[in-house]
Amino acid sequence: DQMPGNIKAGLNDALQEREFTRRDTQEVVKFHPDAVVVALSNPPGDGNVTQGTTIDAVNRFTHLTVPYLPADQEVALLQRIGPDVPNDTLKHLVNVASELRTAASMGEMPAMSTRELIMLVEHLQRFPQDRKRIPTIFKQVYLLPDTELELTEQLDKSLTDQGFQDAPMPDL
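A brief look at the structure comes next.

Glancing now at the overall build of the protein. A count of helices and strands for the protein gives 7 helices and 2 strands. Order of helices (α) and strands (β) in the protein, N terminus to C terminus: α-β-β-α-α-α-α-α-α. Each of the 172 residues in the protein was classed as buried or not, and the buried ones make up 25%. A fraction of 55% describes how many contacts in the protein between residues 6 or more apart in sequence connect residues 24 or more apart. Here the protein has roughly 12,000 Å² of accessible surface; of this, 54% comes from carbon and sulfur atoms.

Turning our eyes to something else, we now look at the environment of glutamate 27. Turning to its location among the elements, glutamate 27 is positioned in the loop between strand E1 (19-21) and strand E2 (28-30). We classify glutamate 27 as partly exposed; its relative accessible area is 41%. In contact with glutamate 27, not counting residues within four places along its chain, are Phe20, Thr21 and Arg22.

Before going further, it helps to spend a moment on helix H3 (residues 71-81). Those residues of H3 that sit buried are Glu74, Val75, Leu77 and Leu78. Seen from one end, H3 has its buried residues packed into an arc of 160 degrees, which puts them on one side. Turned more than 90 degrees away from the buried face of H3, the exposed residues are Asp72 and Arg80. The elements touched by buried residues of H3 are helix H4 (87-105) and helix H5 (114-126).

Position of threonine 89 relative to the elements: it lies in helix H4. If we skip the residues at most four places from it in the chain, threonine 89 touches Ile134 and Phe164.

Judged by nonpolar contacts, the single largest core of 26 residues is most densely connected at Leu93, Leu100, Phe138, Tyr142 and Leu155. Within the residue set of this core, elements represented by two or more residues are H3, H4, H5, helix H6 (134-141) and helix H7 (149-161). With 7 residues, the top contributor of residues to this core is H4. Residue contacts for leucine 93: discarding those within four places in its chain leaves Leu117, Leu120, Val121, Leu124, Ile134, Phe138 and Phe164.

Calculation notes
Residues numbered from 1 in each chain as written. Predicted model: local features only at pLDDT ≥ 70, side-chain atom pairs only at ≥ 80, totals over all residues. Heavy atoms only, no water. Helix = DSSP H or I, 4+ residues; strand = E, 2+ residues; numbered from the N terminus. Buried < 20%, exposed > 50% of the residue type's maximum accessible area, 1.4 Å probe, protein only. Contact = heavy atoms within 4.5 Å. Areas by Shrake-Rupley, 256 points an atom, 1.4 Å probe, with all protein chains shown as cover. Arc of directions from axis to C-beta. Core = buried A, V, L, I, M, F, W, Y, C linked by side-chain atoms within 4.5 Å.

Here's what the structure looks like:
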C-alpha cells in the first residue's frame, strides 16, 4: 500500500482505540459501538504494482473477494456510463476484458479491472471520434509493461478477434 506512515499510524490508533482526534479542532471523536471500517484494496499481483499491505493491517480486517460482474451485467453498467457508445462495442470490450481475466487466472497476463473498462467507456463517450481508435485508446487505459512484447501481441489478437482495429491516421 502507498499510504503515508502518519496516516497508517492514525488509522491504526483509530482502529485500536475506537476513537480519533480531529486535527482541525482537536476534538476527540469516539466510534459508535456498531461502527465498522471498510477498506478497499487491490490484491497483490493481478497487475497491482503497489506494495503489499502490512500483516498488522491485514489481520484487522475480514477479507472478501468480490468477483467480476457477469458479462451481461457489466455491459449494462457500461451502457449507463456510455449511453452513446454502441452496444456492440460495449459487448466486445467486455469480451476482451473477460479474455484478459481468464488469461490472468492462468498467470499469463494482468487482469483488466471493471474500473479500467469504465475509464475506457467514459473516454469513448466523451470523445466519440476515438471510437475509430479503440485499440490505441484501450492500451492507454490498460497498461502493459513495455518489456512484454508477447503480452502486447496477445492483447492485439484479442482486440482484432473482437473486430477492433485502428483507423488509419489522416495525412497531415
